[in-house]
Amino acid sequence: MHGQIQSPQYPRPYPPHLQKQWDLWVPRGYQIQLSLTHLDIKVSADCSQDSLTVRALIRSEFKKYFKQDTKLFILQFSILEKFNTCSKTDPGLDSGPLCSQICINTAGSYHCSCHSGYKLHLDQRTCLLSCGGCVFDKHEGHLSSPGYPKPSPPFLSCKYIISVEPRFIVTLNFRDNFHIDNKDNQHGSSRLAMKFCGTKSPGLIVTNSSTVRLDYHTEEEGLSNGWSLQYSTHGEEESVTKGRITPDLNEYFSGDSIHVTCDQEYKLMMTFSAMCQSDGQWQLPLPTCIAGTDVLSK
């Protein structure tokens, strides 16, 4: 038997003028174990303002009081038999602990939990550093493996996504100090993915895509020093069918202006000019040059 209690509206701050109480009790011969996994309470000299009070009573009764002004918390609880299951070691794990971080007893068994910033591995006992998962939508930036340039923690499973407007292409530039431990130390690739390991940096990679996903994994040993890269973007070549853009530049910056003119016998519905905005888009979509007779017919 186990469960979880948290402050009202967690992870948002508590409502004002609140005093909350939870009562837990179990049959005689059992105990209650608490594991406070997250706590953010305003500090005062004697806890007279913000406080979380845990009060153990006789007859295996338990009460926890939540006083007004507590910001947030998560408290996990479990029921213990007279023998503490978490005190055991698993012979199959070289007499190591049952859980790498938090062990929570249940009736006749146990389950593992992790500190904030970690997630439970598929083995249900090892806590992995939670990394990546964010989408980077700026037109340039820096990414690196956790702990770089120091060795990466073991059992990492990180995901990084760079995603910009469809008309832009992402370029990755890996630093020379590159080290991902692997037995064969070989690079591999397919039509849609490239896989790198060893000590040779991939260097500059033009992805030809506006969205790039990087997956980084480490095994138990944690021997990789990791990687670091700078990414940048550039726009695809702008063009107007049966027309031209002036000035014709390889790259435009925020504040630059362009004008569009059409080839002979083709015209615009109206004079066109646009300015490059800070998000890399033109102020107006590029127009279409149409045959002069079509303009007159309208």
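Everything that follows concerns the structure shown earlier in this document.
Bear in mind that the values here come from a model prediction, so they are computed numbers and not experimental data.

With omega at 5°, the peptide bond leading from tyrosine 148 into proline 149 counts as cis. If you trace the backbone, proline 149 turns up in the loop between β14 (140-144) and β15 (157-163). Cis geometry marks the peptide bond from threonine 246 to proline 247; its omega dihedral reads -5°. Within the secondary structure, proline 247 is located in the loop between β22 (243-246) and β23 (257-262). Although it is not a glycine, glutamine 124 sits at a positive phi angle of roughly 65°. Classification of glutamine 124 by relative accessible area gives partly exposed; the value is 49%. The residue lysine 242 is not glycine, and still its phi comes out positive at about 60°. Its location among the elements puts lysine 242 in the loop between β21 (228-235) and β22.

A few words now on the pattern of salt bridges. Applying the stated rule across the entire model yields two salt bridges. The salt bridge partner of arginine 213 is aspartate 215, with a shortest N-O separation of 3.0 Å. Using a relative accessible area of 52% as the deciding quantity, one classes arginine 213 as exposed. Residue aspartate 263 pairs with arginine 244 through a salt bridge whose shortest N-O separation is 3.6 Å. In this pair, aspartate 263 sits in the loop between β23 and β24 (266-267) while arginine 244 sits in strand β22, placing the two residues 19 residues apart along the sequence. Since its relative accessible area comes to 31%, aspartate 263 is described here as partly exposed.

Before going further, it helps to spend a moment on the sheet that holds β21. One open sheet holds the four strands; their spatial order is β14-β21-β16-β19, and the pairing between them is antiparallel. Strands with a single pairing partner mark the edges of an open sheet, and in this sheet they are β14 and β19 (204-206). Within this sheet the neighbouring strands show an average axis-to-axis angle of 20°, counted without direction. The sheet contact formed by strand β16 (residues 168-174) and β21 spans seven bridges and is antiparallel. Along β21, the bridge assignment pairs phenylalanine 168 with glycine 235.

Before going further, it helps to examine the state of the cysteines. In this structure the tally under the stated criterion is three disulfides. Put simply, cysteine 262 and cysteine 289 are joined by a disulfide, and their sulfur atoms are 2.1 Å apart. Its S-S torsion of about -85° marks the bond between cysteine 262 and cysteine 289 as left-handed, since a negative value means left-handed. With cysteine 262 in strand β23 and cysteine 289 in the loop between β25 (272-275) and β26 (290-291), the pair connects residues that are 27 residues apart, well separated along the chain. Like cysteine 262, the residue cysteine 289 is buried in the burial classification.

On inspection of all chains with the given rule, the structure shows five aromatic pairs. With 5.6 Å between their ring centres and 85° between their planes, tyrosine 160 and tryptophan 227 make a pair best called edge-to-face. Here tryptophan 227 lies in the loop between β20 (211-217) and β21 and tyrosine 160 lies in strand β15, a separation of 67 residues in the sequence. The same class applies to tyrosine 160 and to tryptophan 227, which are both buried. Where phenylalanine 174 meets tryptophan 227, the ring centres are 6.3 Å apart and the plane angle is 65°; that geometry is what we call edge-to-face. Here the residue phenylalanine 174 occupies a position in strand β16, and tryptophan 227 occupies one in the loop between β20 and β21, the gap between them amounting to 53 residues. Accessibility classification places phenylalanine 174 together with tryptophan 227 in one group, the buried group. One aromatic cluster in this structure is built from Tyr160, Phe174, Phe178, Phe196, Tyr216 and Trp227.

What follows covers the nonpolar core. Formed by 21 residues in total, the largest nonpolar core has its most connected members in Leu172, Phe174, Leu214, Trp227 and Leu229. Secondary structure elements with two or more residues in this core: β15, β16, β20 and β21. The biggest single contributor to this core is β16, with four residues. Those residues in contact with leucine 229 that lie beyond four places of it in its chain are Gly141, His142, Leu143, Leu172, Asn173, Phe174 and Leu214. Residues Ile245, Tyr252, Leu268 and Cys276 belong to the second largest nonpolar core, which totals twelve residues.

Mapped onto the secondary structure, serine 228 falls in strand β21. Within the local environment of serine 228, its side chain forms a polar contact with the side chain of histidine 142, the two groups lying 2.7 Å apart. Excluding its chain neighbours within four sequence positions, the residues that come into contact with serine 228 are His142, Leu143, Ser144, Tyr148, Asn173, Phe174 and Arg175.

Conventions adopted
- Residues numbered from 1 in each chain as written.
- Predicted model: local features only at pLDDT ≥ 70, side-chain atom pairs only at ≥ 80, totals over all residues.
- Heavy atoms only, no water.
- Helix = DSSP H or I, 4+ residues; strand = E, 2+ residues; numbered from the N terminus.
- Buried < 20%, exposed > 50% of the residue type's maximum accessible area, 1.4 Å probe, protein only.
- Salt bridge = Lys/Arg side-chain N within 4 Å of Asp/Glu carboxyl O.
- Pairing = 2+ DSSP bridges.
- Axes fitted to C-alpha atoms, helices over the stretch in contact; angles between N-to-C directions.
- Disulfide = S-S within 2.5 Å.
- Phe/Tyr/Trp six-rings, centres within 6.5 Å; stacked < 30°, edge-to-face > 60°.
- Core = buried A, V, L, I, M, F, W, Y, C linked by side-chain atoms within 4.5 Å.
- Contact = heavy atoms within 4.5 Å.
- Polar contact = N/O pair within 3.5 Å; in protein donor to acceptor, adjacent residues only side chain to side chain.

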